[in-house]
Amino acid sequence: MTSLAAGASPAPGVTMEKLEAALETDIRTLVEKGVTEEEVATAKKRMLAEAAYARDSLTGPAQTLGAAIATGQSIDDVENWPVRIDTVTADQVNAAARAVLGQTNHVTGLLLPLQDKGS
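Residues numbered from 1 in each chain as written. Predicted model: local features only at pLDDT ≥ 70, side-chain atom pairs only at ≥ 80, totals over all residues. Heavy atoms only, no water.

(A) Expanded view of the pattern of salt bridges. Per the counting criterion, the structure on display carries 1 salt bridge. In this structure, Arg 55 and Glu 79 form a salt bridge, with 3.7 Å as the shortest nitrogen-oxygen distance. Within this pair, whereas Arg 55 is found in the loop between helix H2 (37-54) and helix H3 (60-70), its partner Glu 79 is found in helix H4 (residues 75-86), the two being separated by 24 residues in sequence. Residue Arg 55 is classed as partly exposed on the basis of its relative accessible area of 46%. (Salt bridge = Lys/Arg side-chain N within 4 Å of Asp/Glu carboxyl O. Helix = DSSP H or I, 4+ residues; strand = E, 2+ residues; numbered from the N terminus. Buried < 20%, exposed > 50% of the residue type's maximum accessible area, 1.4 Å probe, protein only.)

(B) Local environment of the confidence of the model for the protein chain. Residues with a pLDDT of 70 or more make up 97% of the protein chain, whose mean pLDDT is 89. Between the elements of the protein chain, mean pLDDT differs from a low of 89, seen in H3, to a high of 95, seen in helix H5 (residues 90-101). (pLDDT = per-residue confidence, 0-100.)

(C) Structural detail: the side chain of Lys 44. Turning to its location among the elements, Lys 44 is positioned in helix H2. One buried charged residue, Lys 44, forms no salt bridge at all, with the nearest opposite charge on Asp 86 at 4.4 Å. In this structure, Lys 44 is in contact with Ile 85, Asp 86 and Val 88, ignoring residues within four places of it in sequence. (Lys, Arg positive; Asp, Glu negative; His and termini not counted. Contact = heavy atoms within 4.5 Å.)

(D) Up close: H2. Here H2 spans 25 Å end to end across 18 residues, near enough to the 26 Å set by a 1.5 Å rise per residue. Buried within H2 we find Val 40, Lys 44 and Ala 51. An end-on view of H2 places all buried positions within 35 degrees of arc, on one side of the element. Of the exposed residues in H2, those oriented more than 90 degrees away from the buried face are Glu 38, Lys 45 and Tyr 53. Its buried side turned inward, H2 meets H4 and H5. (Expected span 1.5 Å × (residues − 1). Arc of directions from axis to C-beta.)

Next up, the structure:
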């Protein structure tokens, strides 16, 4: 099982209700209109660069392999990840977005400031 999180921080004067509504509108727009091939190409380029940089440190490879193995993946999965990412299409991203973000069983959590109790 995997989770997906989306977050937002309100600008001064924006209520949490308005912020939540705006975030839900953006998600609904993504589900309805989808992403473009150009957006997917940009995301793939960024992800492939991040994968290369992760291998360029002492801890990066160990953390990547450890996280993969802890979630049931193999070393081959990690090694082939850049190749698999490079084959993703906008149609696949849009189908996944509709399948995941089109559901209505989401949970919303609000992190609010501690209220002063007049101490």
